[in-house]
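Here is how the chains run, residue by residue.
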Amino acid sequence: MVFRTLSAGLLAASVAAFGAAAQDADAKFSLELNNAANTDTGGCRLTYVATNRSGQDLAKTDYQVGVFNAEGVVTRILVLGFGALTNGKTRIVLFDLGDQSCTDISRIIVNDVAECTLADGQPAGFCLTGLVTSSRTEVQFGI
């Protein structure tokens, strides 16, 4: 009986690991909130790491995000521009929220794609459906 329980647990762990690997393999674009640091002027500097694994060059990638305070109330909606990204390229981009401390931010969500175009100017349809988000900070970041 112990063997079956252990086997079921190993099977569940294997299935979960396979699912995560498949999700990462399907990721065409990833955004990581890498750092959120208070500035000397009382604002918050957000550091994002953007990676294009779409197989195509992107001319422009802009995401509309919502910023939530500690009480879960949306305090602002803004557009974060990551610029052009060639396939396989990773870029680090800084965004300053000059009037909001990092300690006042609980969560940031990707609300929509503001603009996402391929190098030839055509819209790229995978920028939201192929997006994977993560955070290395206390601020939650997701879709």
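Residues numbered from 1 in each chain as written. Predicted model: local features only at pLDDT ≥ 70, side-chain atom pairs only at ≥ 80, totals over all residues. Heavy atoms only, no water.

This next bit is on the sheet that holds strand S2 (residues 44-52). Strand order in this open sheet of four strands is S5-S2-S1-S7, and the pairing throughout is mixed. Each of the sheet's edge strands pairs with one partner strand only, and the pair in question is strand S5 (90-97) and strand S7 (131-135). Direction aside, neighbouring strands of the sheet carry axes that sit 20° apart on average. The sheet contact formed by strand S1 (residues 29-38) and S7 spans five bridges and is parallel. For Glu-32, the partnering residue across the bridge sits in S7 and is Ser-134. (Pairing = 2+ DSSP bridges. Helix = DSSP H or I, 4+ residues; strand = E, 2+ residues; numbered from the N terminus. Axes fitted to C-alpha atoms, helices over the stretch in contact; angles between N-to-C directions.)

Here we come to the state of the cysteines. Across all of its chains, the model carries two disulfides by this definition. Here Cys-44 pairs with Cys-102 through a disulfide, and the sulfurs are 2.0 Å apart. Torsion about the S-S bond of the Cys-44 and Cys-102 cystine: about 95°, corresponding to right-handed handedness. With Cys-44 in strand S2 and Cys-102 in the loop between S5 and strand S6 (107-118), the pair connects residues that are 58 residues apart, well separated along the chain. A relative accessible area of 1% places Cys-44 in the buried class. Taking the relative accessible area as the measure of exposure, Cys-102 reaches 9% and is therefore buried. The side chain of Cys-116 participates in a disulfide bridge whose partner is Cys-127; the two sulfur atoms lie 1.6 Å from each other. With a gap of 11 residues between them, Cys-116 in strand S6 and Cys-127 in helix H2 (residues 126-129) connect regions that are remote in the sequence. Both residues of the pair, Cys-116 and Cys-127, count as buried. In the chain, numbering the disulfide-bonded cysteines from first to last in sequence yields the connectivity 1-2, 3-4. (Disulfide = S-S within 2.5 Å. Buried < 20%, exposed > 50% of the residue type's maximum accessible area, 1.4 Å probe, protein only.)

Take the sheet that holds strand S8 (residues 140-142) next. In spatial order, the strands read S4-S3-S6-S8; together these four strands make up an open sheet with mixed pairing. Each of the sheet's edge strands pairs with one partner strand only, and the pair in question is strand S4 (74-81) and S8. When strand polarity is set aside, the average angle formed by the axes of neighbouring strands in this sheet is 20°. The pairing of strand S3 (residues 58-68) with S4 spans seven bridges and is classified as antiparallel. Paired with Asp-62 across the two strands is Gly-81, which belongs to S4.

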